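Letter by letter, the chains look like this.
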Amino acid sequence: MEVSVKSLCTSRRGWTGNWIASLVVAVGTIGVASPVGAQATTPVAASQSDWARDLWTTASRGDSRAFFDTIGRTPNFSDERLNTSLTRLRDSLGKKETDRQAKLDQLAGELDKALADQQSDIAISKALVTALEKQLVSKDKQGVLNDPRVQELVKRADAAARAAEARADWLIASELFYRLDALFEQSGQYKEDIDRQNHRMGMLRMYVPQRLWELRNARQLAEKTDPLPPYNPVGDDFREKLKFIDRSMIVRAVAAAGSEHVAKVPLHTILHGGLEAVRVLVQTEDLKGAFIGLADAAKREQFVARLQYWHDKIAKDAERVDYSTADMMLNSILDENRKTIGVMDQAILHEFGNGAMERLDPFSAIIWPDELARFNRGTQGRLIGVGVEIQYDELSNIKIVSPIEGAPAQRKGLRTGDLIKRVNGKPTYGFTLDQAVDNITGPAGTEVTLTIERRPNPLVPANDADNKSFEFDVKITRAEIPLRSVKGWTRDGAREDDWNWYIDKDARLGYVRLTGFTESTTRDLDEALNKMLDGGLNGLILDLRFNPGGLLDQAVDVASRFVPSGVIVSTEDGAKRIIRQERATGGARLSNTPCVVLVNQDSASASEIVSGALQDYARQGRIKCVLVGERSYGKGSVQDVRMLLGNRAAMKLTTQHYLLPSGKLIHRNPGDKVWGVNPDIEVEMLPQQIVDAVLLRRDADVMPLDENGQPLKSDKPRPNPDDLLTKGMDTQLQTALLLLQSQASMATAQAPEKEERIVR
């Protein structure tokens, strides 16, 4: 019996147990209404209060033109903070446009040069990167695609990609199709091609990872860059990963998909997806390194003929296809496989299942046995392991960025900068970060032995004979490691909750960044709010950028800290029937506190529910909230998670869509031009700005600890998030701060009453 265990609202990017290991920097694509610089000719505001009132009013009604006109005014400020913030924002907006034009001029030259040169596949791929970057930087996205130079490049790239696929040059084919798909993401014209490439690359990664390493290493050498670290096979045995898969598991997954998916995708379409994926498997000759039978062309063609028979039969009898058809078809295919190519049954089933689920939507999927632990770590907000954050160093060693305060690794004396050289005696050089996580983590109460290389102390003179690298083994008992999803402005202590929560302490303006919605998010948020409210709170920035989502109940609880009563989110099925409504749960301590919510194109699902609900209630005048940034991701679908194969595998199935209180659908369906949550005030950031801001924020969040769990002393200053404001690196954050400072400046001298604390 299949049991639905929870509803998730996460983006397809998903989570890993280590945010540093999985950092993905995405770039923005949405423009901003004409920014106004210091030369603005708008009349001077009558007073600071009038100006501040106009700024908030124009923002809250979503009038970008009037908002930026207000920024162009020059009132007589009595509040120096306002003057400083306004000047910085004006300068940043002006510099952004200067940088934009300079970058577009540079890219135009690079594109001309690329098209004039004799084109190799690698050169074409690099030229696509130039075109894509031009599209990202430009305000006129479609105009870039209409450029004759780009159209000529696309023509060459399309031909090169198909030729590479025909000659089994999988890596360059995948690279070219991937970049074409990114260029035409809005229209989706390369979706089938990129799906096929993703299948193939996933198969190479699963069955012949060393061959994939060889292809990637050859590509590195062809570009005259450093070779990859030596291939490390630890954890790459596909037989171990597949051994629990059986036919009944796939039939149950297909049956659920055909009957319960929100879009009611026909069963014959689902089965065709599975058949096509198996076809890709058997026609990828590089896989003969795992399945020797694929080297026999005659047997391979015989098997493909059976796939084609079932494809045609299902198409002909589409209206009569049912789950018994699926069972019969899988039996027939597996029987033919044994007579011909002799691929592991579990491999056929694995690829069939992946292909079938892909015909549904990007978020429905089978969670295979080897993926289940990682999936649970991401959705439950906890990790069973030793408690270290890891990343590569400059030589591709696995380096500890920071031990988590109070975790087993920290109690055993591991510290920032230590290198993990072996896990249970297995060398780690050449590990992927996922391999490292999978080998270090394990059931609570079990032990793992890490071999650590400790580098010289940089604060000790280099000629000190005792200050040199050394290795030692440490045995650590794994335990549950809570992952905190609530972060503040500056990290100021060893504990994971040691944060300065004020972005402007004098004005008592708070800052909270939610990296996800886990089981502890609301509890940790309440603790942060208690500290801010005790010290006085005149406004709050809620940063939901790059937040992929998480648990629905936590999204509702977080929104309830602002919304006193009413529906936060509704769900509807494929027949447009309201299935359930989630209402505010109480504890709205911030209903009268000005709030600015930051969102961008990687704010997804649960973060869209929170930001969308706050925007809807602000427009009703019930709360004081403004959204700033860029349009959100558009993931507004409900995935029910159900177990398959006992507790060894699971599946995510999209069964409903989310509606905001206004009735608006969040979800982006293929071909949609409207989706997600649009900010009240759009503030674009250039790609390089985003990269610089995200990396600074990441590095500033890390508190290096010594073996005693104390902050590590260094002669180098720690990264300072204030640079995001003072150096104009984050114009979205600058805008949010200016809005709140304008409201704080209007507050009366009388201190507000402290809000009631909530203790959870």
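Residues numbered from 1 in each chain as written. Predicted model: local features only at pLDDT ≥ 70, side-chain atom pairs only at ≥ 80, totals over all residues. Heavy atoms only, no water.

Visitor: Sorry if this is basic, but what is going on with the pairing of strand S18 (residues 567–572) here?
Guide: The two faces of the sheet receive side chains in turn, since in a regular strand these alternate between them. Most of S18 is tucked away, with 6 of its 6 residues classed as buried. Relative to strand S19 (residues 578–583), S18 is paired through 5 bridges, and the arrangement is antiparallel. From the neighbouring strand, Thr571 faces S19, where its bridge partner is Arg580. Counted along the chain from S18 to the antiparallel partner S19, the turn is 5 residues long, and its residue Lys576 has a positive phi close to 65°. For S18 and strand S23 (residues 649–659), the ladder comprises 3 bridges, and the chain directions are antiparallel. If you follow Thr571 over to S23, its bridge partner there is Tyr658. (Buried < 20%, exposed > 50% of the residue type's maximum accessible area, 1.4 Å probe, protein only. Helix = DSSP H or I, 4+ residues; strand = E, 2+ residues; numbered from the N terminus. Pairing = 2+ DSSP bridges.)

Visitor: In this structure, what is going on with the nonpolar core? I would like to understand it.
Guide: It is characteristic of soluble globular proteins that their nonpolar side chains tend to be buried jointly. Within the largest apolar cluster, 60 residues are counted, with the highest numbers of intra-cluster contacts made by Tyr207, Ile250, Leu271, Met329 and Phe352. Considering each element in turn, this core owes the most residues, 8 residues, to helix H12 (residues 267–282). Non-local contacts of Met329, meaning those with residues more than four positions away in its chain, are made with Leu271, Leu275, Trp310, Ile314 and Phe352. Judged by nonpolar contacts, the second largest core, of 46 residues, contains Trp501, Leu540, Leu544 and Val610. (Core = buried A, V, L, I, M, F, W, Y, C linked by side-chain atoms within 4.5 Å. Contact = heavy atoms within 4.5 Å.)

Visitor: Hey, could you run me through the side chain of Thr284 in this one?
Guide: Here Thr284 lies in the loop between H12 and helix H13 (297–316). Within the structure, Thr284 has its side chain in polar contact with the side chain of Arg200 (distance 3.1 Å). In this view, Thr284 contacts Trp170, Arg200, Leu204 and Leu294; residues no more than four positions away in its chain are not counted. (Polar contact = N/O pair within 3.5 Å; in protein donor to acceptor, adjacent residues only side chain to side chain.)

Visitor: Teacher, can you tell me more about the packing of aromatic side chains here?
Guide: Remark: the centre distance and the inter-plane angle together describe each pair of aromatic rings, the angle taken between the planes. On inspection of all chains with the given rule, the structure shows 9 aromatic pairs. With a centroid separation of 5.2 Å and an interplanar angle of 75°, the aromatic rings of Trp489 and Tyr511 are classed as edge-to-face. Placement of the pair is Trp489 in the loop between strand S11 (486–487) and strand S12 (490–491) and Tyr511 in strand S15 (residues 509–514), with a sequence separation of 22 residues. Feature note: the residues Phe177, Phe184 and Tyr190 constitute an aromatic cluster, connected by ring pairs. Over the ring of Trp56 we find Lys624; its NZ or CZ atom is 5.5 Å from the centre of that ring. Lying over the aromatic face of Phe363, Lys635 brings its terminal NZ or CZ to 5.1 Å of the ring centre. (Phe/Tyr/Trp six-rings, centres within 6.5 Å; stacked < 30°, edge-to-face > 60°. Lys NZ or Arg CZ within 6 Å of the ring centre and 35° of its normal.)

Visitor: Would you take a moment to explain the environment of Ala315 for this structure?
Guide: Along the chain, the position of Ala315 falls in helix H13. Classification of Ala315 by relative accessible area gives partly exposed; the value is 41%. Spatially, the C-alpha atom of Ala315 lies 8.7 Å from that of Thr269, the residues being 46 residues apart in sequence.

Visitor: Explain the environment of Ser47 here, please?
Guide: Inspection of the secondary structure assignment puts Ser47 in the loop between strand S1 (4–10) and helix H1 (48–60). Owing to a relative accessible area of 26%, Ser47 belongs among the partly exposed residues under this scheme. For the pair Ser47 and Phe77, spaced 30 residues apart in sequence, the C-alpha to C-alpha distance is 7.7 Å. A polar atom in the side chain of Ser47 sits 3.1 Å from the backbone nitrogen of Asp50.

Visitor: Looking at this structure, I do not really get the pattern of salt bridges. What am I missing?
Guide: Should the charged atoms of two oppositely charged side chains come close, the side chains can pair. Per the stated rule, a full pass over the model turns up 60 salt bridges. As a salt-bridge pair, Asp193 and Arg162 come within 3.1 Å of each other at their nearest N and O atoms. Of this pair, Asp193 sits in helix H8 (residues 191–207) while Arg162 sits in helix H6 (residues 148–166), placing them 31 residues apart in sequence. Put simply, Asp158, Arg162, Glu165, Asp193, Arg196 and Arg200 are held in one network by salt bridges that share partners. (Salt bridge = Lys/Arg side-chain N within 4 Å of Asp/Glu carboxyl O.)

Visitor: When you look at the pairing of strand S16 (residues 539–543) in this model, what are you seeing that I'm missing?
Guide: Counting buried positions over the 5 residues of S16 gives 5, a clear majority of the element. Burial of the side chains of S16 extends over both faces: Gly539, Ile541 and Asp543 are buried on one face and Leu540 and Leu542 on the other. Both S15 and S16 contribute to a ladder of 5 bridges, which runs parallel. Residue Arg513 lies in a different strand from S16, and its bridge partner there is Asp543. On the question of chirality, the crossover connecting S15 to the parallel S16 by way of helix H19 (residues 521–535) is right-handed. Across 4 bridges, the pairing between S16 and strand S20 (residues 595–599) is parallel. When the bridges of S20 are listed, Asp543 appears paired with Leu598. (Right-handed = clockwise from strand over helix to strand, strands pointing away.)

Visitor: Any chance you could explain helix H9 (residues 209–222) here in plain terms?
Guide: Along an α-helix, residues three or four positions apart point the same way, because every turn accommodates 3.6 residues. For H9, built from 14 residues, the straight-helix expectation of 20 Å at 1.5 Å per residue is met to within 8% by its first-to-last C-alpha distance of 20 Å. Inspection of H9 places Pro209, Leu212, Leu215, Asn217 and Arg219 among the buried residues, and these make up the whole buried set. Packed against the buried residues of H9 are helix H4 (121–137), helix H7 (170–183) and H8. Once H9 ends, the next one or two residues include Lys224, with phi positive near 60°. (Expected span 1.5 Å × (residues − 1).)

Visitor: Would you explain unusual backbone geometry in this entry?
Guide: Negative phi characterises most residues that are not glycine, and trans characterises most peptide bonds. Positive phi, normally seen in glycine, also occurs at Lys264, with a value near 50°. Topologically, Lys264 is positioned in the loop between helix H11 (247–260) and H12. Phi is positive for Lys576, which is not a glycine, with a value near 65°. Checked against the element boundaries, Lys576 lands in the loop between S18 and S19. Relative accessible area serves as the criterion here: at 57%, Lys576 is assigned to the exposed category.

Visitor: Help me understand the side chain of Gln743 in this model?
Guide: Examined against the element boundaries, Gln743 turns out to sit in helix H24 (residues 731–744). Residue class for Gln743 comes out buried when judged on its relative accessible area of 9%. Among the polar contacts made by the side chain of Gln743, one reaches the side chain of Lys624 at a distance of 2.9 Å. Once residues lying within four places of it in the same chain are set aside, the contact partners of Gln743 are Ala52, Trp56, Pro594 and Lys624.

Visitor: It is not clear to me how the packing of helix H3 (residues 80–116) against H4 should be interpreted in this structure. Could you clarify?
Guide: Each pair of packed helices can be described by the angle between their axes along with the distance between the axes. It is at 9 Å that the axes of H3 and H4 come closest, and there the two elements cross at 155°. In this view, H3 runs roughly antiparallel relative to H4, as classed from their interaxial angle. You can see that H3 and H4 cross each other, and the crossing is left-handed. Seen from H3, the contacting residues are Arg100, Lys103, Leu104, Leu107, Glu110, Leu111 and Ala114; seen from H4, they are Ala127, Thr130, Glu133, Lys134 and Val137. Of the residues in the contact of H3 with H4, the class split is 6 nonpolar, 1 polar and 5 charged. (Axes fitted to C-alpha atoms, helices over the stretch in contact; angles between N-to-C directions. Parallel < 35°, antiparallel > 145°, perpendicular 65-115°, else oblique. Left-handed = near helix turned anticlockwise from the far one by under 90°. Nonpolar A, V, L, I, M, F, W, Y, C, P; charged D, E, K, R; others polar.)

Visitor: Help me understand the confidence of the model for the protein chain in this model?
Guide: Detailed reading of the predicted model is not advised wherever pLDDT is low. Across the protein chain, pLDDT averages 87, with 89% of residues at or above 70. Note that residues 748–760 has pLDDT below 50 and, in this model, 18 contacts with residues that lie over four places away or in other chains. (pLDDT = per-residue confidence, 0-100.)

Visitor: Any chance you could explain the environment of Thr449 here in plain terms?
Guide: Within the secondary structure, Thr449 is located in strand S8 (residues 447–454). Judged by relative accessible area, which is 23%, Thr449 ranks as partly exposed. Sequence spacing of Thr449 and Lys475 is 26 residues, and the spatial spacing of their C-alpha atoms is 4.3 Å. Not counting chain neighbours up to four residues away, the residues in contact with Thr449 comprise Arg422, Val423, Asn424, Asp473, Val474 and Lys475.

Visitor: Could you clarify how one ought to interpret the state of the cysteines in this entry?
Guide: Cysteine pairs can be covalently joined through their sulfur atoms, and such a bond is termed a disulfide. Under the counting rule described, the total for this entry stands at 0 disulfides. Of all cysteine sulfurs in the structure, the one in Cys625 sits closest to Cys595, which takes part in no disulfide; the separation is 4.5 Å. Of the residues examined, Cys625 reaches a relative accessible area of 4% and is grouped as buried. (Disulfide = S-S within 2.5 Å.)

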